[in-house]
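Close look at the chain arrangement
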Amino acid sequence: MDAPAAGYAFEYLIETLNDSSCKKFFNVPRLGGTKYDVLPYSIRVLLEAAVRNCDGFLMKEQDVMNILDWKTKQRNVEVPFFPARVLLQDFTGIPAMVDFAAMREAVKVLGGDPKKVHPARPTDLTVDHSLQIDFNKCAIQNAPNPGGGEPQKAGKLSPLKAQPKKAPCRGQTACRGSCDSGEPGRSSGKFSSQIENTPILCPFHLQPVPEPETVLKNQEVEFGRNRERLQFFKWSSRVFKNVAVIPPGTGMAHQVNLEYLSRVVFEEKDLLFPDSVVGTDSHITMVNGLGILGWGVGGIETEAVMLGLPVSLTLPEVVGCELTGSSNPFVTSIDVVLGITKHLRQVGVAGKFVEFFGSGVSQLSIVDRTTIANMCPEYGATLSFFPVDNVTLKHLEHTGFDKAKLESMETYLKAVKLFRNDQKNSGEPEYSQVIQINLNSIVPSVSGPKRPQDRVAVADMKRDFQACLNEKVGFKGFQIAAEKQNDTVCIQYEGSEFRLCHGSVVVAAVISCTNNCNPSVMLAAGLLAKKAVDAGLRVNPYIRTSLSPGSGMVTHYLSSSGVLPYLSKLGFEIVGYGCSTCVGNTAPLSEAVLNAIKQGDLVTCGVLSGNRHFEGRLCDCVRANYLASPPLVVAYAIAGTVNIDFQTEPLGTDATGRNIYLQDIWPSREEVHQMEEERVILPMFKTLKEKIEVGNKRWNCLEAPDSTLFPWDSKSTYIRCPSFFDKLTKEPAALQPIENAHVLLYLGDSVTTDHISPAGSIARSSSAAKYLTHRGLTPREFNSYGARRGNDAVMTRGTFANIKLFNKFIGKPAPKTVHFPSGQTLDVFEAAELYQKEGVPLIILAGKKYGSGNSRDWAAKGPYLLRVKAVLAESYEKIHKDHLIGVGIAPLQFLPGENADSLGLSGRETFSLTFPEELSPGVTLNIKTSTGKVFGVIASFEMMWK
C-alpha cells in the first residue's frame, strides 16, 4: 500500500536551494507573505507538509489555506498531517506489526495480493521494552524473574566469546573490571565478554574492558525469553518495505531516536523538507527539543500513517512559553522539567501545542530542551516545540553530522523561516496565549508519591511525606494511624541488622531515558557517588539498586569519566539496556524486606529517575514512589529514607564520625559541565551509530522466516493471528444502537492505560495465567503482558487485570467486578465472557482523565474484545480517546458539571443509546436507563483522518 503521490498543486513554489546545489524545496513563505511570518514555527512545519503532500484527495488546497489562516481557524477546523516517518517500540510495535501480518492474510482471503501490504512511510522499530532485571549488583546470587514474579535458579547460559587479556591496571584498587592487578598469577577471575554495541573503557587506563556480567546475563535471558517475538520482528524487517528494526541491547526508543534516527531535515530524491515523526509512545515528543515536530498517537492511527494515510487533528491552539532568566546552580534539568510541567498543568494546555521562545531558551542545551519536551504528555500538551537555532546546529555538529549537510540544513531552514534567532524583528510569531516562566524561580524537587504531576520541593520532602502518612487514602495519602507512624521492623540481611520504617527506600533505580537522558544529570549522579564513596558513605544492601543506561553511549561516558566504579560500589550496577523499573520489571525484593513490610504495614518507597511511577507499578508492596533526578536517587538511596530534611539532617558520617550533608557531596555545575564537554564527544556518537548499523551477534545470528505470509504457529503463546479482521468486508457496517447494556466496571478518576491494560508481570491467579497454564506453561515462563501483546487471547484476559484497579462495585483495589443481575464477584474477563454468552452489550462508567498515562492501543483493543460498546466518562486522555474511536468503542462524555454521582447512577442499571445516521463530533445524544432516567451526553468524537 504505497503512499499517495502528491499532485503538486503548489509546484510553482519549488525552488533550488542555491546556484551550486541540485537540492530543491518548497518555498512556502512565498505562499503566505505576512500571514506566514506571524505563524508559530510548529504551524509552519504543518503548513510545509500540507503544501508538499497536496494531492487534491487526502490533502486538499482548502486544507492548506486553513493552516495558513491558522490565526482565525484554530480550534475550528480539522486538518490532515503527513509525518515524514514512524517510530515504534516493541511493546506497542508488536501489535502493529502483527496487524500488518494479519492484513496480509485478510487481503489474500479477499482475493488481493498480500505483497502489496507494507508500510508506505519509513518505520523504525526499537526492541527496548523486553528487558527485565533478572540480575542486579552482578547478581550471581540473585535468581532471574522471568515474569511470573517468583525467584528461581539461573539457567545455564550459552557460551560467550571471552575477551583477551588487557594491560594491567598497575594496582588501581578502585578498578572493578576484569583487569589484572599486574601481579603474577593474580586475576579477577570473573566471567567476562564484550558486548559488540557497548564500548566501555576502564576509567584508570582508558582501555576497553568487558561489559559487566549483569548486562550479559540479563541480555542472555532476554533473548531466550523473547525468541518468538524477536524472530517475528526479524521476519517483519525482511518482508515489509520501509521497516527497520533496532535490535535489543541497543538502547531506549526515545534516546535512539535522538542519537541516531533523527534527521532534522529530510532529503528525499533531492527534495528537502522538515523531519517529523509520530509513533506509539507518548514520549515521541522528546525530539521536539531538536526542532522536529512529533508526538505520540494511538496504535490504530500509527498503522494508518504507516499505510500512507495522514493523521487528522483539530488545528491547534499554540501556547507561547517565554523562558527568561537562568536556573540556580543546584537545580538539575529534571527540576526545570518538573517546574515547567507544574506551571503548564496549572495554566491548562491540554490538547494544545506549546512553543518555547525568549532569552532563556538559548541558555538551555539540546539535552535540556529534549528533557523538557519529553514531559509534555505529563502536562497534557500535544507537543512542546523548540525551533532549530544555533544551539541545535552546534549540538548536531558535535554528534557527527556532516558539515556540508549542516550547511545545507541551515540554508534551507533560514530560507523557509524555520530557524529561530534571539533578535526580535517584525516577523515574530503570534501565539494563542503567552505565558512566562522565570528559570530563577525553579527549586530542586521530586514528584510523587503516586503521580508524576504531584511535585514536592526537596526542602519540603520530609514534611510532605509525613503529611501523606496522615492523609486519607488517595493520590497523596496513606492514612497511617498516628500511633503507628514511628513503627520500625528489624530485619537480618547479609549478616547485619537493619531497621525498616515508614519512608524507608527499598527500590532505587537510576534510569537514563526520556526526562533523564541529559548527560549532565547522569554525570552529576556519578560525581555525587564518587564524593560519597570518598567520604565513606554507602547504600544499605537490601535496597534494590540498579543502573539502566538509555544506550551504550551513557555507559561509555560514565565509564570514561571515571565515575562508573563509584556508582557500582554503591550498588548501582548496570543491569542492561531497555525499559525496566518504569514498566514494572523490577527484581523481586528479598523475603526479609517483604516480610518486614507486611509485618509492619509499612509505607516503603521507591525512588527512580524514570517517567512513570504509578502506585503498584514498581512493585505491588511498595506504596510510595518518587520520580527524582539521578543524583537525588543516589542521595536518597544513601540516606535510606525519603523521610529526611537534607538541609538539616546528615546522610551519614565519615570515618572520623563527622556528619556528611548532601551539600558536602553535591557536584557543582562547573564540575558537571566540564566533564560533559570532555566526555560526551563526537567519537562516542560516531562509534555507537556504527554499532547500531552493524547490530549485535545474537541478533545477527537469530534465524527467522522470509515467507510472504507469516507462518503462524498454533502452539505459540506469543504470536497469534488476531481476530480483528475475521469479519472484514469491503464496505463498512452501519452504526448499531446500544440496547440494555450493563456496566462492566464503575471507575473513578485518573484511570490509566496501566489500569486498563497492564504491561508488567502476569499474576499467577489471573485469567491470563489460567490460559497460559492450560497451554502447558509454568509461572516462570509467563513473561509479562507487554511481551505478549502479539497474542490477543492473553491480552483480552489481561484487560483490567491491574491489581490496583479500583472498581466501585468492589470497594477496594482488585482486578474484579460484579456480574449483574447474578451478583457474582468475578475476574473482569470472566464477567465479560458471561455477559457475552448472555448476549448483553457492555459499557464502562468512569470519572475524569480516563485513559491517562502511556499511549497503549491494547487499552482500547482489550475492552473491544470484551465487547465493550461505549465508555461514559467526565473527560479523556486524547490519545486513548482516539484509540477507542479507532477500534469502534464510543467515547461518551458527561455534560459539563455532571457525572455519575450527580445523576444518581448506581451502575446497576442498564443503558440504551441510539446513534443518528449522520454522527458529527460534539453532538449531544440521549441515554435512557432501565430506571426511566434520560440524560444527555456528548459524543466526544474527532475525525482520525478524512
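Scroll up to find the structure this text is about.
On a predicted model such as this, the values are computed, not experimentally measured, just so you know.

1. Things to note about the overall build of the protein
For the protein, the count of helices and strands is 30 helices and 34 strands. Here the protein holds 946 residues, and 62% of them are scored as buried. In the protein, 74% of the contacts between residues at least 6 apart in sequence involve partners at least 24 apart. Taken as a whole, the protein presents about 35500 Å² of accessible surface, with 49% of it coming from carbon and sulfur.

2. Describing the sheet that holds strand β9 (residues 276-279)
As summarised here, the arrangement of the 5 strands in space is β6-β5-β4-β9-β10, forming an open sheet in which the pairing is parallel. The two strands at the open ends of the sheet, each matched to only one other strand, are β6 (243-246) and β10 (293-296). Averaged over all pairs of adjacent strands, the angle between strand axes in this sheet comes to 20°, irrespective of strand direction. Summarising the sheet, strand β4 (residues 85-89) and β9 pair through 3 bridges and their orientation is parallel. Bridging across to β9, Arg85 finds its partner in Val277. Where helix α10 (residues 299-306) meets the sheet, it contacts β4, β5 (123-126) and β9, and its direction lies at approximately 140° from that of β4.

3. Section: the sheet that holds strand β7 (residues 265-268)
In space, the 4 strands of this open sheet follow the order β1-β2-β8-β7, with mixed pairing throughout. Only two strands of the sheet have a single partner each, and these edge strands are β1 (14-16) and β7. Geometrically, the sheet is characterised by an average inter-axis angle of 35° between neighbouring strands, direction not taken into account. Pairing between β1 and strand β2 (residues 24-26): 3 bridges, direction antiparallel. Counterpart to Ile14 in the pairing with β2 is Phe26. Those strands touched by helix α14 (residues 403-415) are β2, β7 and β8 (271-274), and its axis lies near 105° from that of β7.

4. What about helix α15 (residues 461-470)?
All buried positions along α15 are accounted for by Met461, Asp464, Phe465, Cys468 and Leu469. Taken end-on, α15 shows its buried residues confined to a sector of 145°, consistent with a single buried face. For α15, the elements touching its buried residues are β16 (445-447), β17 (455-457), β22 (605-608), β23 (624-627) and α20 (630-639).

5. Points about the environment of Leu87
With respect to the helices, strands and loops of the structure, Leu87 is situated in strand β4. The class for Leu87 is buried, based on a relative accessible area of 2%. Put simply, Leu87 and Gly296 are 209 residues apart on the chain and 9.2 Å apart in space, counted from C-alpha to C-alpha. Those residues in contact with Leu87, other than ones at most four positions away along the chain, are Asp124, Thr126, Ala253, Asn257, Leu261, Val277, Val278, Gly279, Thr280 and Ile284.

6. Overview of the packing of aromatic side chains
What the rule picks out here adds up to 22 aromatic pairs. Ring centres of Phe809 and Phe820 lie 5.0 Å apart, and the angle between their planes is 80°; this geometry places the pair in the edge-to-face category. Taken together, the residues span a long stretch of sequence, with Phe809 in the loop between α27 (792-797) and β27 (816-818) and Phe820 in the loop between β27 and β28 (825-827) at a distance of 11 residues. Across the pair, Phe820 and Phe809 agree in class, each one buried. Aromatic pair Phe894 and Phe935: ring centres 6.5 Å apart, planes at 20°, arrangement stacked. With a gap of 41 residues between them, Phe894 in strand β31 (residues 890-894) and Phe935 in strand β34 (residues 934-939) connect regions that are remote in the sequence.

7. Thoughts on unusual backbone geometry
The amide bond that connects Gly448 to the next residue, Pro449, takes the cis arrangement and shows omega of 15°. Its place among the elements puts Pro449 in the loop between β16 and β17. The omega angle of the peptide bond from Phe820 to Pro821 is 5°, so this bond is cis rather than trans. Turning to its location among the elements, Pro821 is positioned in the loop between β27 and β28. For Lys269, which is not glycine, the phi dihedral falls at a positive 55°.

8. With respect to the pattern of salt bridges
Taken as a whole and assessed by the stated rule, the structure comprises 30 salt bridges. When the shortest N-O distance is used, the salt bridge between Asp857 and Lys861 registers 3.0 Å. For Lys861, a relative accessible area of 3% gives the class buried. Several salt bridges share partner residues, and in doing so they unite Lys770, Lys816, Asp827 and Glu830 into one network.

9. A few points about helix α19 (residues 591-600)
Every buried residue belonging to α19 is among Val593, Leu594, Ala596, Ile597 and Gly600, and all of these are buried. Axial view of α19: buried residues confined to an arc of 165°, hence all on one face. Exposed residues lying more than 90 degrees from the buried face of α19 are Glu591, Lys598 and Gln599. On its buried face, α19 is in contact with β18 (488-493), β19 (496-501) and β20 (505-511).

10. Points about empty space enclosed by the protein
This model, assessed by the stated rule, comprises 8 cavities of 30 Å³ or more. Estimates place the volume of the second largest cavity at around 60 Å³. As for the second largest cavity, its lining consists of Tyr41, Val45, Val264, Pro274, Gly291, Phe385, Val388, Leu413 and Leu418. By residue class, the composition of the lining of the second largest cavity is 8 nonpolar, 1 polar and no charged.

11. Looking at the nonpolar core
Counting 103 residues, the largest nonpolar core has Leu47, Val51, Phe232, Phe233, Trp295, Met409 and Tyr412 as its most contacted members. Formed jointly, this core draws a minimum of three residues from each of two domains, domain 1 (11-81) and domain 2 (316-442). Sequence-distant contacts of Met409, defined by excluding residues within four places in its chain, comprise Arg263, Val264, Val265, Leu393, Leu396 and Phe401. Ranked by size, the runner-up nonpolar core spans 78 residues in total, among them Ala508, Leu528, Ile543 and Tyr636.

12. Focus on the pairing of β20
Of all 7 residues making up β20, 7 are buried, and the element is well covered by its neighbours. The pairing of β20 with β22 spans 4 bridges and is classified as parallel. Paired with Val505 across the strands is Cys605, a residue of β22. Where β20 and strand β21 (residues 544-548) come together, 5 bridges link them in parallel fashion. The partner of Val507 across the bridge, within β21, is Arg544.

13. Some points on the packing of helix α16 (residues 519-534) against helix α17 (residues 552-560)
Remark: α16 packs on α17, axes separated minimally by 10 Å, with the N-to-C direction vectors making an angle of 40°. Between α16 and α17, the angle falls in the class oblique. Crossing hand, α16 versus α17: right-handed. Residue-level inspection shows Pro519, Met522 and Leu523 of α16 in contact with α17, the latter providing Val554, Tyr557 and Leu558.

What counts as what
- Residues numbered from 1 in each chain as written.
- Predicted model: local features only at pLDDT ≥ 70, side-chain atom pairs only at ≥ 80, totals over all residues.
- Heavy atoms only, no water.
- Helix = DSSP H or I, 4+ residues; strand = E, 2+ residues; numbered from the N terminus.
- Buried < 20%, exposed > 50% of the residue type's maximum accessible area, 1.4 Å probe, protein only.
- Contact = heavy atoms within 4.5 Å.
- Areas by Shrake-Rupley, 256 points an atom, 1.4 Å probe, with all protein chains shown as cover.
- Pairing = 2+ DSSP bridges.
- Axes fitted to C-alpha atoms, helices over the stretch in contact; angles between N-to-C directions.
- Arc of directions from axis to C-beta.
- Phe/Tyr/Trp six-rings, centres within 6.5 Å; stacked < 30°, edge-to-face > 60°.
- Salt bridge = Lys/Arg side-chain N within 4 Å of Asp/Glu carboxyl O.
- 1 Å grid on protein atoms, 1.4 Å probe; cavity = no way out; pocket = protein on both sides within 12 Å on 5 of 7 lines; lining within 4 Å.
- Points joined across faces, edges and corners; volume = space filled by probe spheres on them.
- Nonpolar A, V, L, I, M, F, W, Y, C, P; charged D, E, K, R; others polar.
- Core = buried A, V, L, I, M, F, W, Y, C linked by side-chain atoms within 4.5 Å.
- Domains from an automatic or database assignment.
- Parallel < 35°, antiparallel > 145°, perpendicular 65-115°, else oblique.
- Left-handed = near helix turned anticlockwise from the far one by under 90°.

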